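Residue-level listing of the chains:
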Amino acid sequence: MSRAGRARGKLRLSNLYTFSCIRPNVLESEGPHSLQGPGFSRVVYCNQPRLHRKKPLKYPSNYISTTKYNIITFLPKAIFEQFRRVANLYFLMAAILSLTPIAPFSAVSMIAPLAFVVGLSMAKEALEDWRRFIQDMKVNTRKVSVHKGDGLFGYKSWQKIRVGDVVKVEKDQFFPADLLLLSSSYEDGICYVETMNLDGETNLKVKRCLEATLPLDEGMAFKDFTGTIRCEDPNPSLYTFVGNLEYDRQVYALDPSQILLRDSKLRNTSHVYGVVIFTGHDSKVMQNATKSPSKRSRIERKMDKIIYFLFTLLVLISLISSIGFAVKTKFGMPEWWYLQPKHAANLYDPRKPALSGIFHLVTALILYGYLIPISLYVSIEVVKVLQAMFINQDLQMYDEETGNPAQARTSNLNEELGQVDTILSDKTGTLTCNQMDFLKCSIAGVSYGVGSSEVEIAAAKQMAFDLSGQNSEISGIAMHNRSAHDSWENGASDVAGSEVELETIITSKGEKEQKPVIKGFSFEDNRLMDGNWSKEPNADTILLFFRILALCHTAIPEPNEETGSFNYEAESPDEGAFLVAAREFGFEFCRRTQTSVFIRERYPSFKHIIEREFKVLNLLEFSSKRKRMSVIVQDEDGQILLLCKGADSIIFDRLSKNGRMYEEETNRHLSEYGEAGLRTLALAYRKLEESEYSAWNSEFIKAKTTIGADREAMLERVSDMMEKDLILVGATAVEDELQKGVPQCIDKLAQAGLKIWVLTGDKMETAINIGYACSLLRQGMKQICITTMNTDLLAQDANKAMKENILMQITNASRMIKLEQDPHAAFALVIDGKTLAYALEDDIKHQFLNLAVDCASVICCRVSPKQKALVTRLVKEGTKKTTLAIGDGANDVGMIQEADIGVGISGVEGMQAVMASDFSIAQFRFLERLLVVHGHWCYKRIAEMICYFFYKNIAFGLTLFYFEAYAGFSGQSVYDDWYMLLFNVILTSLPVISLGVFEQDVSSDVCLQFPALYQQGPRNLFFDWYRIFGWMANGLYSSLIIFFLNINIFYDQAFRAGGQTADMASVGATMFTCIIWAVNCQVALTMSHFTWIQHLFVWGSICTWYLFLLLYGMSSPTYSGNAFHILVEALAPAPIYWVVTLLVTTACNLPYLAYLSFQRSFNPMDHHVIQEIKYYKKDVEDQRMWTRERSKARQSTKIGFTARVDAKIRQLRGKLHKKYSSSGVQTVIPAS
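Predicted model, so just to flag it, every value in this text is computed and none were measured.

Participant: So what about empty space enclosed by the protein? Which residues, and what values?
Facilitator: In total, this model carries six cavities of 30 Å³ or more according to the counting rule given. Considered as a void within the structure, the largest cavity measures approximately 310 Å³ in volume. Contributing to the lining of the largest cavity are 23 residues, with Lys68, Glu125, Ser294, Lys295 and Asn412 lying nearest its centre. Mapped onto the lining of the largest cavity, the elements with two or more residues apiece are helix H1 (74-82), helix H3 (107-140) and helix H25 (893-898). If you tally residues by element for the lining of the largest cavity, the top one is H3, at five residues. Classifying every residue of the lining of the largest cavity gives four nonpolar, seven polar and 12 charged.

Participant: Tell me about the sheet that holds strand S6 (residues 190-194), and name the residues and values.
Facilitator: With antiparallel pairing, the three strands of this open sheet are ordered in space as S7-S6-S12. Strands at the two margins of the open sheet, each flanked by one partner only, are strand S7 (204-208) and strand S12 (265-267). For this sheet the average axis-to-axis angle between neighbouring strands, irrespective of direction, equals 45 degrees. Note that S6 and S12 share three bridges and pair antiparallel. Pairing of Val193 across the sheet is with Leu266, part of S12.

Participant: So what about the sheet that holds strand S28 (residues 782-786)? Which residues, and what values?
Facilitator: One open sheet accounts for nine strands, arranged S14-S33-S32-S31-S15-S27-S30-S29-S28; its pairing is mixed. Taken across any chain shown, the strands that pair with only one partner, and hence form the sheet edges, are strand S14 (407-408) and S28. Alignment of strand S31 (residues 882-887) against strand S32 (residues 901-905), held across four bridges, turns out to be parallel. In the strand pairing of S32, Ile886 is matched with Val903.

Participant: Requested: an account of the packing of aromatic side chains, with residues and values cited.
Facilitator: Evaluated as defined, the whole model comprises 53 aromatic pairs. Between Trp1031 and Tyr1152, the aromatic rings sit 5.6 Å apart at their centres with planes inclined by 40 degrees, giving tilted as the arrangement. Within this pair, whereas Trp1031 is found in helix H31 (residues 1025-1050), its partner Tyr1152 is found in helix H36 (residues 1135-1162), the two being separated by 121 residues in sequence. An identical accessibility class is assigned to Trp1031 and Tyr1152; each is buried. For the pair Phe1158 and Phe1162, a centre-to-centre distance of 5.1 Å together with 40 degrees between the ring planes defines the contact as tilted. Of this pair, Phe1158 and Phe1162 both sit in helix H36, four residues apart, which is roughly one turn of that helix.

Participant: So what's going on with the UniProt feature "binding site: Mg(2+)" (unreviewed entry) in the chain? Which residues, and what values?
Facilitator: Residues given the UniProt feature "binding site: Mg(2+)" (unreviewed entry) here are Asp426, Thr428, Asp888 and Asp892. Mapped onto the fold, Asp892 is located in the loop between S31 and H25. Relative accessible area serves as the criterion here: at 0%, Asp892 is assigned to the buried category. Those residues within four positions of Asp892 in sequence are excluded, and the remaining contacts are Asp426, Lys868 and Gly887.

Participant: Give a detailed account of the environment of Tyr948, specifying residues and quantitative values.
Facilitator: If you trace the backbone, Tyr948 turns up in helix H27 (residues 926-966). Take Tyr948: its relative accessible area is 0%, and that puts it in the buried class. The sequence separation of Tyr948 and Val1083 amounts to 135 residues, and the corresponding C-alpha distance is 7.4 Å. Apart from residues no more than four positions distant in its own chain, Tyr948 is found in contact with Val992, Trp1031, Val1079, Asn1080, Gln1082 and Val1083.

Participant: Quick one: what's the story with the pairing of strand S24 (residues 640-646), residue by residue and with numbers?
Facilitator: For S24, the tally of buried residues reaches seven of seven residues, placing the bulk of the element in the interior. Neither face of S24 is exposed, since Ile640, Leu642, Cys644 and Gly646 on one face and Leu641, Leu643 and Lys645 on the opposite face are all buried. As judged from the seven bridges shared by strand S23 (residues 628-634) and S24, these two strands associate in the antiparallel manner. Across the sheet, the residue bridging to Gln634 is Ile640, located in S24. Linkage of S23 to S24, two consecutive antiparallel strands, is achieved through a turn of five residues, within which Gly638 is found at a positive phi near 90 degrees. Sheet analysis places S24 next to strand S25 (residues 679-688), joined by seven bridges and oriented antiparallel. Among the inter-strand pairings, Cys644 is bridged to a residue of S25, identified as Ala684.

Participant: Lay out the packing of helix H8 (residues 374-392) against helix H29 (residues 989-998) with the relevant residues and their values.
Facilitator: Put simply, H8 and H29 touch, their axes get as near as 9 Å, and they point 30 degrees apart. Two packed elements cross with a definite hand, and for H8 against H29 that hand is right-handed. Contact residues: Ser379, Val382, Val383, Leu386, Gln387 and Phe390 in H8; Ile993, Gly996, Val997 and Phe998 in H29. Partitioned by chemical class, the residues of the contact of H8 with H29 number seven nonpolar, three polar and no charged.

Participant: Summarise the pattern of salt bridges; cite the residues concerned and give the values.
Facilitator: For the structure shown, the criterion picks out 38 salt bridges. With a shortest N-O distance of 3.6 Å, Glu611 and Arg600 are connected by a salt bridge. Placement of the pair is Glu611 in strand S22 (residues 610-620) and Arg600 in strand S21 (residues 596-601), with a sequence separation of 11 residues. Look at Arg600 and you get partly exposed, because its relative accessible area is 31%. Across the pair Arg612 and Glu601 runs a salt bridge, and its minimum N-O distance is 2.7 Å. Of this pair, Arg612 sits in strand S22 while Glu601 is found in strand S21, placing the two residues 11 residues apart along the sequence. Glu601 gets classed as buried once you look at its relative accessible area, which sits at 0%. One network of salt bridges, in which partners are shared, links Arg296, Glu300, Asp304, Lys384 and Glu415.

Participant: Please give an account of the packing of helix H28 (residues 977-987) against helix H32 (residues 1064-1086) that cites residues and values.
Facilitator: Here H28 crosses H32 at 15 degrees, and the two axes come no closer than 12 Å. One way to sum up the angle between H28 and H32 is to call them roughly parallel. Considering how the two elements wind past one another, H28 and H32 form a crossing that is right-handed. Side by side, H28 and H32 meet where Tyr979, Phe983 and Leu987 of the first sit next to Ala1069, Phe1072, Ile1075, Ile1076 and Asn1080 of the second.

Participant: Mind laying out H1, listing which residues take part and the relevant values?
Facilitator: The set of residues buried in H1 consists of Phe74, Ala78 and Gln82. The buried side chains of H1 occupy one side of the element, clustering within an arc of 55 degrees when seen end-on. Projecting away from the buried face of H1 at angles above 90 degrees are the exposed residues Pro76 and Phe80.

The rules we used
- Residues numbered from 1 in each chain as written.
- Predicted model: local features only at pLDDT ≥ 70, side-chain atom pairs only at ≥ 80, totals over all residues.
- Heavy atoms only, no water.
- 1 Å grid on protein atoms, 1.4 Å probe; cavity = no way out; pocket = protein on both sides within 12 Å on 5 of 7 lines; lining within 4 Å.
- Points joined across faces, edges and corners; volume = space filled by probe spheres on them.
- Helix = DSSP H or I, 4+ residues; strand = E, 2+ residues; numbered from the N terminus.
- Nonpolar A, V, L, I, M, F, W, Y, C, P; charged D, E, K, R; others polar.
- Pairing = 2+ DSSP bridges.
- Axes fitted to C-alpha atoms, helices over the stretch in contact; angles between N-to-C directions.
- Phe/Tyr/Trp six-rings, centres within 6.5 Å; stacked < 30°, edge-to-face > 60°.
- Buried < 20%, exposed > 50% of the residue type's maximum accessible area, 1.4 Å probe, protein only.
- UniProt positions renumbered as here; feature names shortened; annotations may be inferred.
- Contact = heavy atoms within 4.5 Å.
- Left-handed = near helix turned anticlockwise from the far one by under 90°.
- Salt bridge = Lys/Arg side-chain N within 4 Å of Asp/Glu carboxyl O.
- Parallel < 35°, antiparallel > 145°, perpendicular 65-115°, else oblique.
- Arc of directions from axis to C-beta.

The following block contains the structure:
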């Protein structure tokens, strides 16, 4: 197909751009890059992929893997993971020793439980990794069109692509590898790329090919195409690229604007051709990936320490036992003629007591193994899997729009959800939908728009509640001042009137929701709608305002066949909202040509729509440094206008003396919009004479075609010459469209005491505006911006100067925070990726972290995926507290894997974040319930369950030691082997599992109403050493009571009807009955929430013991031995058996009951108070008391919606106080 015949884009889009997309006339005269030394050794032979399979090149294939294991490494790595657990290691040693004659138990009874525990855990690991493998294969088997030779293209899977391949990527496809752009369907080689999976931004980026490769625009053009690329080696930097293309006997410099990165997507472009530079794990997105770590919860790591302690205790009592046995063997054995000491084996040879003691030490180590509960790990695995099922099936975390439920992708970290201290969140797709709503505007000093932002509505409701109980005299004044048309946003001077407008504000929001929803437009004000603006006093200024909205942008209109209007592909969501607003006001941007923009204008005085043409002469685009954009247009009358929009601080500095007519009013409106959480821009214009424009344009063209490093600076200087002496028109206020429930979720998490950091690839201004939108930032909060300085020094000196400057900024900021006196003062830290690169270096990072921890909120912008992971690591290792990372794209995988807990958001493009995560949710708002409800429950359940496990095993295990000492350290157990086998497996396992699965200190609703309860987790109140040793002491006490009460009572008491005393079998069965009763009553006392399942398990376990004893006694004496008919003939008929059971059970649980009663009466915890309120139904009978308690139950925070509303209320109360003081009204206004 000929070039002329191809379907081409209609525009040479490069003509729209000033800085990034304008090419100097002779590109090669800039000269190729000097590529020498290490780090620049890569050579790519274009269209010759076979050359790269041989040494010395031999580049990797495009196959990628994110799994932890493969077929070869699974067994060794998974077994290593299992035996990192200290208890498993101990039981492995015990299982090996059980194969020797000195073992007190059979080998099968030791090996089988261990194999079951380890096998179950390994199977779970294998299943989770298999899911990752399946997801990898979905990516690896995607298809793309590849040049096969002779100008023919055919489809290949991604994993078969090689370096040097020429590929054709079509619209809405992902790029399979890092490519050099050769040509596109647009005539001048422009293409649009969405980099959401890399940096989180949904705004489209413009990429452009070299002029030299433009003719490579169809399949046959590649028949004889060859070229050589020499460039940098694989590295993780997303925003840089250095290389040269040797093609057609010329050398061309390459830069990032020609590179298409893997996992970014082609948009609004029919197709592009590119040559593969980096494949697979060499690609920049994979270079930013980190290995899947093996994560363990803090509780599990602490549990290992407890196991160490118990193991020490085990060794200690085993040593005591072995020494006692050696002493008895030496001095007692010769007298025990019935054991035939002269023919004794080494196990008890009186001539070798030391050797006998050593053998007995091994026996004791195995015998007292009940101190270390092997069933603990199995029970925890079962409990965590069941907890994960409850998380997966929680309907409150099910997203109906996408059909995605919450998913616990690993159950190892359930309890960690309840101990989070810091949340590190991505922005785009996580916090925001990246959509803007046009809500208000100020034109010619008049504020328009009666709708209210979420901040205003919340403040209104809170003030209404506060004022409801105020002095009636105030109410009278308020009612007198009510105005049906004015609200406080209108800038009315009557402050009291603004307070009484609460009802109007809340009503207006409700009415708005009933109207047809227009995406991007929530404006309500009849003064401007339906052409009514023409009746306003400043109609000419309003007309100009609308035209600036419709003209000052770089968007492209796309017809929408369903609605008959247009959709707009804009580089920022703000531009899209402005164009929608202009359309709704009657000024619809409908067409763009190479040199002109066409607007359909609708006037109330004309029946027909008028289409006007505006010639676009120049466009001075937006950048984070300029903070403004301008367009120079010529209207149909020949008048040349400069139309400008930008940050108010920038625009106001550039106003002429005659252009400040509305400055004061507009400034006040901008302040009010900012307080309402809206993001604002100021609009201005300037009329130009043709001669003035011509002179400036010649300078501009000269700067634009300059070659060299000064080009950007010259363009900036020439632009500044034009963007001055402006006349202010007005300002816009848009509400950033956050994901549903994000502000409320952040507010609740802040009240729960969590710190929230935002890590985004977006530019600083966008990140700050999002911070305002989700209430991480607010008016009055002091922003600390750490930035790099410009320097002309040499590279080494510049780095040193940069670091010193950044360190000075950090030190000064830290000092400022410490000297702050205002208790309500809040600080926010904002830092960009370039500065962060220095701040994360070893000699600065701890000072940076200390500053960040002192700030209420932290926003890191323009950060790469690798930097996200490094920041996460710094917070995790520096604070030694639990971190949670949440994101939705491939750019978030690093931080998700690095954090203690990784949460992926499903339902957004790409599933890489979900596949790398530990938990997945459909929307950010579900994080509130995941942490505050499930996290709180899981932490308390697991903590109480583990503590109880150690209690019951100590209570049981120490009785074995006491009896052995009592029986001459003989190694004799007082219990039947079957009792011991069933103790952990059946008789005490189900109650503790029900505790771990169903226990609730408070209901889910109460968890959300009292978010401060969550702090019990981060403060580790239920698993600190005080509580752990308390439970161990309880177990020690219970073991002493159980053993010595039973021994002393049965020692010389008549047991049978004939007067005989109890034998060892009867004493052992009675002691075991006491243990079963004591530990099961203890777990019942521990529970706060009972279901029929818990009742069944607790009391059913006790009944099971009696049933087992009955059935076991009925079996043949060959099996039951001394327990033959023990319940029917010996225990049940003896009253002392029942009396001792009752006495010992009561004595064991009485101290815990007394402690519980004392704590609830004199030192209650938060949940104790709530339980009492709920029990006596005070929450229903006394709503004010319940509300008061709820307001207390939130952590003091300076971020979030509530903190923002509190700040607004403090401001309004201050105004009210002044108002009423000046009017002579005596009132009492409560403090906030």
